Amino acid sequence: MLFSRDLGIDLGTSTTLLCDKKGRVIINEPSVVAVDVKTKRVLATGDRAKLMIGRTPGSIIAVKPLKYGVIADFDMTADMLRNFIARASKQSLFTRTRVVISVPSDVTEVERRAVEDAARSAGAQDVELIEAPMAAALGAGLPVFEATGSMVVDIGGGTCDIAVVSLGGVAACRSIKTGGDAFDEAIVEYLKNEYDLLIGSNTAEEIKLKIGSATEYDGEGAMEVRGRNISDGLPNSVEITSAQVREVLSEPVSRIITAIRQALEVTLPELSADIMDRGIYLTGGASQLKGLGTLIANETNIPVHIPQNPTACVAIGTSAKLRRAK
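Just so you know, these numbers come straight off a predicted model, no measurement behind them.

Asker: Can you tell me about the nonpolar core, naming the residues and giving the values?
Answerer: In this structure, Ile187, Leu191, Ile199, Ile207, Val225 and Ile280 are the most contacted members of the largest nonpolar core, which totals 43 residues. Among the elements that make up this core, the one with the highest residue count is helix H7 (residues 242-265) (nine residues). Excluding residues that lie within four positions of it along the chain, Ile280 makes contacts with Met151, Val153, Ile260, Ile275, Ile296, Thr300, Ile302, Pro303, Val304 and His305. Counting residues in hydrophobic clusters, the runner-up holds 27 residues, among them Leu7, Val33, Met80 and Ile85.

Asker: Tell me about the environment of Val144, residues and numbers included.
Answerer: Within the secondary structure, Val144 sits in the loop between helix H4 (132-139) and strand E11 (150-155). Residues Val144 and Met134 lie ten residues apart in sequence; the distance between their C-alpha atoms is 8.0 Å. The contacts of Val144, once residues within four sequence positions are left out, are Met134, Ala137, Leu138, Val165, Ser166, Leu167 and Gly168.

Asker: Quick one: what's the story with the pairing of strand E2 (residues 15-19), residue by residue and with numbers?
Answerer: For E2, the tally of buried residues reaches four of five residues, placing the bulk of the element in the interior. The loop that links E2 with its antiparallel partner strand E3 (residues 25-30) comprises five residues; one of these, Gly23, has a positive phi angle of about 85 degrees.

Asker: So what about the packing of aromatic side chains? Which residues, and what values?
Answerer: Under the criterion given, the structure shown has one aromatic pair. On the numbers, 6.2 Å between centres and 80 degrees between planes, the contact of Tyr190 with Tyr195 is edge-to-face. The class of Tyr195 is partly exposed, set by a relative accessible area of 27%.

Asker: An account of unusual backbone geometry is needed here, citing residue identities and associated values.
Answerer: Positive phi is not limited to glycine here, since Leu167 has a value of about 50 degrees. In this fold, Leu167 is placed in the loop between strand E12 (160-166) and strand E13 (169-176). In this model, Asn301 sits at a positive phi of 60 degrees, which is unusual for a non-glycine residue. Structurally, the position occupied by Asn301 is in the loop between helix H9 (292-300) and strand E18 (304-305). By relative accessible area, Asn301 is classed as exposed at 62%.

Each value, and the rule that gives it
- Residues numbered from 1 in each chain as written.
- Predicted model: local features only at pLDDT ≥ 70, side-chain atom pairs only at ≥ 80, totals over all residues.
- Heavy atoms only, no water.
- Core = buried A, V, L, I, M, F, W, Y, C linked by side-chain atoms within 4.5 Å.
- Buried < 20%, exposed > 50% of the residue type's maximum accessible area, 1.4 Å probe, protein only.
- Helix = DSSP H or I, 4+ residues; strand = E, 2+ residues; numbered from the N terminus.
- Contact = heavy atoms within 4.5 Å.
- Pairing = 2+ DSSP bridges.
- Phe/Tyr/Trp six-rings, centres within 6.5 Å; stacked < 30°, edge-to-face > 60°.

If you want it as structure tokens, here you go:
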């Protein structure tokens, strides 16, 4: 007799989440793998591997195997998934693993096949894919199977997926390669160009989380940023303010707002009326940038809602898909 192990997986550029079939998040860790270059052996995944980024000797590399929501390194992605799946639940010879994995809405057939193959290589026997915005809508508890329009904007690490869902399908969609990583890269470039200061992605993420915003907010301040001076190679530090970071982030934020407008422009009038009533739902880790919801609401004249746990919406949606497939 075979026992079934069902897992919903949000395979993200920055973070991978695994849910059980009841919608409980079991794994929530960075999509990072640390590998020994000489032996090709995986040394760490997730949290432990992320700590190694920028801090490893020459014989060890810590990399993100996904880029813009799709697989950039097949073997590392499979190794990472294998590790996460093994940690998520017990496995035996009599266990059949079934997974539902989210993918960006604009992936090609080749990219879809790569995700399926990586999951099977990681030990899954049954693999089903679901578009990230549909999973996000399910995870946010929206009435996706009713004859009413709901708009979801899922802003992950590598991509921003926008979709209008109705009657179990996607009526309009838009996907751009802008997300939390683009915010971090903008901060890295600004400090390099403005202060000759070189910082890593982890430091940029810390700046974004502490003082980053899309609009002005109460309690704005500044923080000291430490890195390496490009001119002399010595350690250095500068102070950067909330206003500076907001200006830096204005370009990637503007790209997201433009994409939302473009999706609304091709939405059927009846569904547009539903969205005016119901509002836009923001999900994904990067949706938590301070003031982003307020700015989108001001720019579109549509109410914006952020679910209680926006980061987990896609993962919870994949588990909801598992339950419906029963």
